[in-house]
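# Report on the structure
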Amino acid sequence: MSKIDTRLNVSPVPPDEIFALNGAYAVDPHPQKVSLGVGVYRTDDGKPWPLPTVQKAEKELVVDDDLFRHEYTAIEGDVPFLGIARDLMFGFEGKQGENEAKARIGSVQTVAGTGANHLGALFLAHHMKPPTVWLSNPSWANHQTIWELAGVPRKTYPYYHAATRSFDFEGMMSSLESEAQEGDVVLLHACAHNPTGLDPNKEQWVAIADLCERKKLFPFFDSAYQGFASGSVEEDAWAVRYFFNNKPDMEMCVAQSFSKNFGLYGQRVGAFHYCTNRASTTIRDIVVNNLCHLIRGEFSMGPRVGCSIVKKVLTSEELTADWHQDLQVMSSRIKAMRKALYSELVRLQTPGTWEHIIQQNGMFSYTGLSPKQVYALKDKYHIYLLKSGRASISGLSQKNVAYVAQAIDDVIRNEN
């Protein structure tokens, strides 16, 4: 082979596991194949579900030509959309002190939740220079990549207790208490933790907030599933709102995604919110100015069409009510599939305990399956999930749940 003449210093990087898995599933001709990998909502027929409310909004927007002229917005994004996104996340709704609270929040539009996480990491790396960012172990794999690219050293805090398949609250608190330093960033999943599906309860969230305040840590919330996890936008935003309202002397930020709760996966709709403390609200506009500087150098401004859909829905009482019903449809089906899988495994007397499947929350379940068992599911049964054992519950249906349970029962018994 001839030598490649280049000035580049590049080496191959591993392919993204989720997209590679989805690609393998797509070309698998097996009639009973099941995709439990990619995190997208599917109907009981295994098909995409454009939210009926979104479809209504799209039809109404087509009539309003001004919104579909494909013009530039502003560097910070669609300004009315940003106010709507902020209010959905923080839940002001005419509460006392609303104007003072809003004055603490600087918001910009991003390229979905991934872009919000990236922009936030880049901004903090430039302007706060945190010694370390603490990620849960495990966490969404892309968190590692995002903070690596931002150049911030990464450490992990315990999150998943494998023996009990439960949230390791004691391990998390002990690790952050003993090792985290002032100025460190702590990345927190607002709800429906990816990949475990395990969330702190409200009492535990209060303790986490107290720890962050006392040790002067910087909370960075990733909110990807508001309304999708429980069916309630208020319940799924509880932790974010508690930190913001009850710790006003602590700065924090939120990466907000509309991919899951509006079904706008390909439209890339998101926002990043930086919350100043109540003594430094005068820097909010400077924060936004610096965020815009980063945005201008990367993508100039957020996409227009998707945020127009969100804005149309959330400025109409009728469409907002319809959207809340859509959230109930999605969250209820996920919960029903959790119960169905659990019931089948119990019926089969599959070795082990499976209560964690119904105790977990949101789209994903950390099943407890080993990599060997995951590979056996793929090779023998054409069932696709991540090697960590994370399964997207949305891929289950009334048609395939018994098949999946039987396959899991088999690999549990024979692939140790």
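This write-up is about the structure you can find in this document. (Residues numbered from 1 in each chain as written. Predicted model: local features only at pLDDT ≥ 70, side-chain atom pairs only at ≥ 80, totals over all residues. Heavy atoms only, no water.)

## A few points about the packing of helix α13 (residues 317–347) against helix α16 (residues 401–414)
- The interhelical angle for the contact between α13 and α16, taken along N-to-C directions, is 45°, at an axis separation of 9 Å. With respect to their mutual orientation, α13 and α16 come out oblique. Here α13 and α16 pass one another in a crossing that is right-handed. The segment α13 lies against α16, with Ala-340, Leu-341, Glu-344 and Leu-345 engaging Val-401, Ala-402, Val-404, Ala-405 and Ile-408.
- Here the residues of the contact of α13 with α16 sort into 8 nonpolar, no polar and 1 charged. (Axes fitted to C-alpha atoms, helices over the stretch in contact; angles between N-to-C directions. Helix = DSSP H or I, 4+ residues; strand = E, 2+ residues; numbered from the N terminus. Parallel < 35°, antiparallel > 145°, perpendicular 65-115°, else oblique. Left-handed = near helix turned anticlockwise from the far one by under 90°. Contact = heavy atoms within 4.5 Å. Nonpolar A, V, L, I, M, F, W, Y, C, P; charged D, E, K, R; others polar.)

## Re the pairing of strand β10 (residues 269–275)
- Of all 7 residues making up β10, 7 are buried, and the element is well covered by its neighbours.
- Side chains Val-269, Ala-271, His-273 and Cys-275 of β10 all project onto a buried face; the interleaved residues Gly-270, Phe-272 and Tyr-274 project onto the opposite face, where all are buried too.
- Pairing geometry for strand β2 (residues 105–111) and β10, over 7 bridges, is antiparallel. If you follow Gln-109 over to β10, its bridge partner there is Ala-271.
- Sheet topology places strand β9 (residues 252–257) next to β10; 6 bridges connect them, and they run antiparallel. Residue Ala-255 lies in a different strand from β10, and its bridge partner there is Phe-272. (Buried < 20%, exposed > 50% of the residue type's maximum accessible area, 1.4 Å probe, protein only. Pairing = 2+ DSSP bridges.)

## Comments concerning the sheet that holds strand β8 (residues 218–223)
- Here we have 7 strands laid out as an open sheet, ordered β2-β10-β9-β8-β7-β3-β4, and mixed in their pairing. Two strands bound the open sheet, and with one partner strand each, they are β2 and β4 (154–158). Put simply, the sheet's adjacent strands are angled 25° from each other on average, direction ignored.
- One ladder, built from 4 bridges, connects β8 with β9; its direction is parallel. Looking across to β9, one finds that Phe-221 is bridged to Val-254.
- Contacting β3 (133–137), β4 and β7 (185–189), helix α7 (residues 169–179) runs over the sheet at an angle of about 140° to β4.

## Describing the pairing of β7
- For β7, the tally of buried residues reaches 5 of 5 residues, placing the bulk of the element in the interior.
- Because side chains alternate across β7, one face comprises the buried residues Val-185, Leu-187 and His-189, and the other comprises Val-186 and Leu-188, equally buried.
- Relative to β7, β3 is paired through 2 bridges, and the arrangement is parallel. The residue bridging Trp-134 from the neighbouring strand is Val-186, located in β7.
- Of the pairings in the sheet, the one linking β7 to β8 comprises 5 bridges and is parallel in character. Paired with Val-185 across the bridge in β8 is Phe-218.
- In this view, the connection linking β7 to its parallel neighbour β8 by way of helix α8 (residues 202–215) has right-handed handedness. (Right-handed = clockwise from strand over helix to strand, strands pointing away.)

## Description of unusual backbone geometry
- At the junction of Asn-137 and Pro-138, the peptide bond is cis and its omega measures out at 5° in the coordinates.
- Inspection of the secondary structure assignment puts Pro-138 in the loop between β3 and α6 (141–150).
- The phi dihedral of Lys-129 is positive, around 50°, even though this residue is not glycine.

## Details of the pattern of salt bridges
- Here the structure, examined in full by the defined rule, presents 18 salt bridges.
- Among the ionic pairs, Arg-86 bridges to Asp-87, the shortest N-O distance being 2.9 Å.
- Residues Glu-177 and Arg-214 are paired through a salt bridge, measuring 2.8 Å at the closest nitrogen-oxygen approach. You can see Glu-177 sitting in helix α7 and its partner Arg-214 sitting in helix α8, a full 37 residues away along the chain.
- Classification of Glu-177 as partly exposed rests on a relative accessible area of 35%.
- What emerges from the salt-bridge pattern is a single network uniting Arg-86, Asp-87, Glu-98 and Lys-102. (Salt bridge = Lys/Arg side-chain N within 4 Å of Asp/Glu carboxyl O.)

## Some thoughts on helix α5 (residues 112–127)
- Taking 1.5 Å per residue, 16 residues should reach 22 Å; α5 reaches 22 Å between its end C-alpha atoms and fits that length.
- The buried fraction of α5 amounts to 12 of the 16 residues, a majority that puts the element mostly inside the structure.
- Taken as a whole, α5 has its buried residues at Ala-112, Gly-113, Gly-115, Ala-116, Asn-117, Leu-119, Gly-120, Ala-121, Leu-122, Phe-123, Leu-124 and Ala-125.
- Among the residues trailing α5, Lys-129 stands out with phi positive, at a value near 50°. (Expected span 1.5 Å × (residues − 1).)

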